[in-house]
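# Architecture and fold: a report
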Amino acid sequence: MRRSPSIVPHVAADQDVYLVLEDFGDRLGRAWCETAEEDGNRATLIRHLIEGQYMHPARIVAFNTTQGWSRDVTADIADELRRRFVELEEVAPSMLEFLERAARRAGTGS
């Protein structure tokens, strides 16, 4: 007898999830980017930012529904990316723009 594929997700339920608010410009506005369940982790987010997969990330939030928290982690992610600059041979222009926006935002306190 054939077994049906499992409907249980491969990703643990108690994990931090990271989402990116992408700015698509004046005409289209901002939207939360669709993210596959297995790609919602911090390591994958950092890799995608370094690779330039987000063109104009405006904000990054993290949440954990099991633990019941959410917060804006834009400054934390920008700080981690700055620390990694020394390891990178090439940096995507979108990442440099993100770091500049995050620094301006942290400077204004908004």
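Turning our eyes to something else, we now look at the pattern of salt bridges. Applying the stated criterion across every chain, the model contains 8 salt bridges. Across the salt bridge formed by Glu-80 and Arg-42, the nearest N and O atoms sit 2.8 Å from each other. Of this pair, Glu-80 sits in helix H2 (residues 74-84) while Arg-42 sits in helix H1 (residues 42-51), and the two are 38 residues apart along the sequence. Overall, Arg-42 belongs to the partly exposed group, its relative accessible area being 26%. The class of Glu-80 is buried, set by a relative accessible area of 13%. A network of salt bridges, in which partner residues are shared, links Arg-42, Glu-80 and Arg-84.

Take H2 next. Turning to H2, its buried residues are Thr-74, Ile-77, Ala-78, Glu-80 and Leu-81. One face of H2 carries all of its buried residues, which in axial projection span an arc of 160 degrees.

Taking strand neighbours across the sheet as the criterion, the 4 strands line up as E2-E1-E3-E4 in an open arrangement whose pairing is antiparallel. One side of each edge strand has no neighbouring strand; the edge strands of this open sheet are strand E2 (30-32) and strand E4 (69-72). Shown here is a sheet whose adjacent strand axes are inclined to one another by a mean of 20 degrees, direction ignored. As judged from the 4 bridges shared by strand E3 (residues 57-64) and E4, these two strands associate in the antiparallel manner. For Val-61, the partnering residue across the bridge sits in E4 and is Asp-72. Across the sheet, H2 is in contact with strand E1 (17-23), E3 and E4; its angle to E3 comes to roughly 110 degrees.

Scoring rules and cut-offs
- Residues numbered from 1 in each chain as written.
- Predicted model: local features only at pLDDT ≥ 70, side-chain atom pairs only at ≥ 80, totals over all residues.
- Heavy atoms only, no water.
- Salt bridge = Lys/Arg side-chain N within 4 Å of Asp/Glu carboxyl O.
- Helix = DSSP H or I, 4+ residues; strand = E, 2+ residues; numbered from the N terminus.
- Buried < 20%, exposed > 50% of the residue type's maximum accessible area, 1.4 Å probe, protein only.
- Arc of directions from axis to C-beta.
- Pairing = 2+ DSSP bridges.
- Axes fitted to C-alpha atoms, helices over the stretch in contact; angles between N-to-C directions.
- Contact = heavy atoms within 4.5 Å.

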